[in-house]
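Remarks on the overall topology
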Amino acid sequence: MSDAPGVAPIVVLPVQPGDPPFRVVEIDGRTVGIAHDMVDVISMAHESGRHHVDLDDPALVRWVGGGKYRWRP
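Let me begin by describing the structure that accompanies this report. (Residues numbered from 1 in each chain as written. Predicted model: local features only at pLDDT ≥ 70, side-chain atom pairs only at ≥ 80, totals over all residues. Heavy atoms only, no water.)

1. A word on the overall build of the protein
Broken down by element type, the protein carries 1 helix and 4 strands. Counting helices and strands in the order they occur from the N terminus, the protein gives β-β-β-α-β. Computed over its C-alpha atoms, the radius of gyration of the protein comes to 11 Å, within 12% of the 11 Å expected for a compact globule of 73 residues. Summarising its shape, the C-alpha atoms of the protein cover approximately 35 × 20 × 20 Å along the three principal directions. Counting every position in the protein, which comprises 73 residues, the buried fraction comes to 34%. Within the protein, contacts between residues separated by at least 24 positions form 43% of all contacts whose residues are at least 6 apart in sequence. (Helix = DSSP H or I, 4+ residues; strand = E, 2+ residues; numbered from the N terminus. Rg over C-alpha atoms; globule rule 2.2 N^0.38 Å. Buried < 20%, exposed > 50% of the residue type's maximum accessible area, 1.4 Å probe, protein only. Contact = heavy atoms within 4.5 Å.)

2. A short note on the packing of aromatic side chains
Counting across every chain of the model gives 1 aromatic pair. On the numbers, 6.3 Å between centres and 85° between planes, the contact of W63 with W71 is edge-to-face. Residue W71 is classed as buried on the basis of its relative accessible area of 12%. Lying over the aromatic face of W71, R23 brings its terminal NZ or CZ to 5.3 Å of the ring centre. (Phe/Tyr/Trp six-rings, centres within 6.5 Å; stacked < 30°, edge-to-face > 60°. Lys NZ or Arg CZ within 6 Å of the ring centre and 35° of its normal.)

3. Digging into the nonpolar core
In terms of nonpolar packing, the biggest core is built from 14 residues, with I10, V25, V41, V61 and W63 touching the most fellow members. Sorting the residues of this core by element identifies β1 (10-16), β2 (22-27), α1 (38-47) and β4 (61-63) as the ones contributing at least two each. (Core = buried A, V, L, I, M, F, W, Y, C linked by side-chain atoms within 4.5 Å.)

From the geometry alone we can't say anything about function, so treat these as descriptive.
So this is what it looks like as structure tokens:
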């Protein structure tokens with residue numbers, strides 16, 4: 001859960017092949033959808049009740065398998 005110290009509540013998993021490629025997004029340990037870009041990640045965060053999302057804040061977002069600019073396998 002996001003209450004654990006050092007655990008970011010938003011996790012963006014590695015790029016998956018597809019047309020177009022995508023990344024699975026988890027919020028508070030639950031899969032909330034797939035993102036095709038950073039705007040999708042922000043939209044999902046807003047839908048979950050999080051506002052003022054800083055994608056560069058490692059306490060808020062953990063990027064697995066590449067940072068926020070990695071959207072191709």
